[in-house]
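One-letter residues, chain by chain:
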Amino acid sequence: MEYKLLLILLPSLLLLVECDVKQKPEKTADKKATKQEPLGASTKSTTKKPKQDSIKRQPKVKPATPSFQGQAAGSILSQVLQAGKFVPVGDTMTIKAGQTLDLRCKGSSVRWNYPHYLQEDDEGRLKIKHFGRYSQFILVNASAADTGEFSCGGYQCRGHDCHDGEEKTGKTFVFVTDPQELFVPTEDYYVVVQLRTRQPALLPCQVTNPLAKVTLHREFPPEEIPVDGVKIAYDLKKGFVIYQPKQSLAGSLFCIAEHGNLRQMSTKYMLIYVH
């Protein structure tokens, strides 16, 4: 009887063993899958690292700002706008008549150059103050006649020798605008200018406003002289420059400046051709 019972139960036991064997690989596969999840997370973290590196590298590439500040700090000539506020001056600057021109030049030993008009008679409007590391140039109640070039040169002194080393310089051309004066005032009614072959001649009809339109004219016969920029050119800081003087230009010439509703004539220039 027992032998017959074992024969009956044997197929069911074999079936259970087969099921158990099939289930074991599935569990190992599940374990492998669970072990691969951390690997997937690690790959995600590696993709984030390049983004973090790129963000960190961006602030390092900023050469423009320091170089610009260095150039501004290297300028020895600046304009004082108010107490403690300075701006580097450019090639030209414009102020209105009646305002104060306040310039500051760096250096232990500073010398100033300015229009001859102020050197001869400044009427007490000009003050120059020297300090340990800079010098200050103050011109109060500026007028149209003060239009011109202002410059300074400064040395960094070493002991008692202030000329040891290279001198640094700074300059700017100042226009002093006046609603009634387009040309820099002068007491001369006629100015004699000699024309020489191969030697440029200057007609110094300087304007006080850089926006004024200036033309060159002949008195007799009345006509406007063409300015081509080659034979004759106009320099905003100087006036008309005749690069190729000719005998045909001899005579009485003058300049006319126009700005807005104002139109004025300059001093007359008597051009004499010299062989």
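Residues numbered from 1 in each chain as written. Predicted model: local features only at pLDDT ≥ 70, side-chain atom pairs only at ≥ 80, totals over all residues. Heavy atoms only, no water.

## A short note on the pairing of strand 4 (residues 101-106)
Quick note on the threshold: Think of it this way: DSSP has to see at least two bridges between two strands before they count as a pair. Going along the chain from the N terminus, every DSSP run of H or I of four or more residues is numbered as a helix, and every run of E of two or more is numbered as a strand.
Pairing geometry for strand 1 (residues 77-82) and strand 4, over three bridges, is antiparallel. Bridging from a neighbouring strand, leucine 77 pairs with cysteine 105 of strand 4. When strand 4 meets strand 7 (residues 134-139), the two strands line up antiparallel, connected through six bridges. When the sheet's bridge partners are listed, lysine 106 is paired in strand 7 with tyrosine 134.

## A few points about the packing of aromatic side chains
Using the following cut-off: The criterion for an aromatic pair is that two Phe, Tyr or Trp rings (for Trp, the six-membered ring) have centres within 6.5 Å, with stacked assigned to planes under 30 degrees apart, edge-to-face to planes over 60 apart and tilted to the rest. For every residue, the accessible area obtained with a 1.4 Å probe (protein chains only) is divided by the maximum for its type, and the residue is called buried under 20%, exposed over 50%, and partly exposed between those limits. In this scheme, the term charge over a ring applies when either NZ of a lysine or CZ of an arginine sits within 6 Å of the ring centre and within 35 degrees of the ring normal.
Under the counting rule described, the total for this entry stands at seven aromatic pairs. Between phenylalanine 137 and phenylalanine 150, the ring centres sit 5.6 Å apart and the planes meet at 70 degrees, which makes this aromatic pair edge-to-face. Of this pair, phenylalanine 137 sits in strand 7 while phenylalanine 150 sits in strand 8 (residues 148-155), and the two are 13 residues apart along the sequence. Judged on exposure class, the residue phenylalanine 137 and its partner phenylalanine 150 are both buried. Measuring from ring centre to ring centre gives 4.8 Å for tyrosine 234 and phenylalanine 240, while their planes differ by 50 degrees; the resulting arrangement is tilted. Exposure remark for phenylalanine 240: the relative accessible area of 1% places this residue in the buried category. Connected via pairs of aromatic rings, a cluster forms that spans Trp112, Tyr114, Phe137 and Phe150. Between the NZ or CZ atom of arginine 104 and the centre of the ring of tyrosine 134, over which it lies, the distance is 3.6 Å.

## Brief notes about the state of the cysteines
Formally, a disulfide is one covalent bond, and it connects the sulfur atom of one cysteine to the sulfur atom of another. What counts, and what does not: Here, two cysteine sulfur atoms that lie within 2.5 Å of each other are counted as a disulfide.
All chains considered together, the criterion is met by two disulfides. Bridging cysteine 105 to cysteine 152, the disulfide has an S-S length of 2.2 Å. In this structure, the disulfide formed by cysteine 105 and cysteine 152 twists by about 85 degrees around the S-S bond and is classed as right-handed. On the criterion of sequence distance, the pair formed by cysteine 105 in strand 4 and cysteine 152 in strand 8 is long-range, its members being 47 residues apart. Residue cysteine 105 is classed as buried on the basis of its relative accessible area, which comes to 0%. The exposure class assigned to cysteine 152 is buried, which follows from its relative accessible area of 2%. Put simply, cysteine 205 and cysteine 255 are joined by a disulfide, and their sulfur atoms are 2.2 Å apart. Its S-S torsion of about -60 degrees marks the bond between cysteine 205 and cysteine 255 as left-handed, since a negative value means left-handed. With cysteine 205 in the loop between strand 11 (201-203) and strand 12 (213-218) and cysteine 255 in strand 16 (residues 251-259), this pair connects stretches of sequence that are 50 residues apart. A relative accessible area of 0% means that cysteine 255 is categorised as buried.

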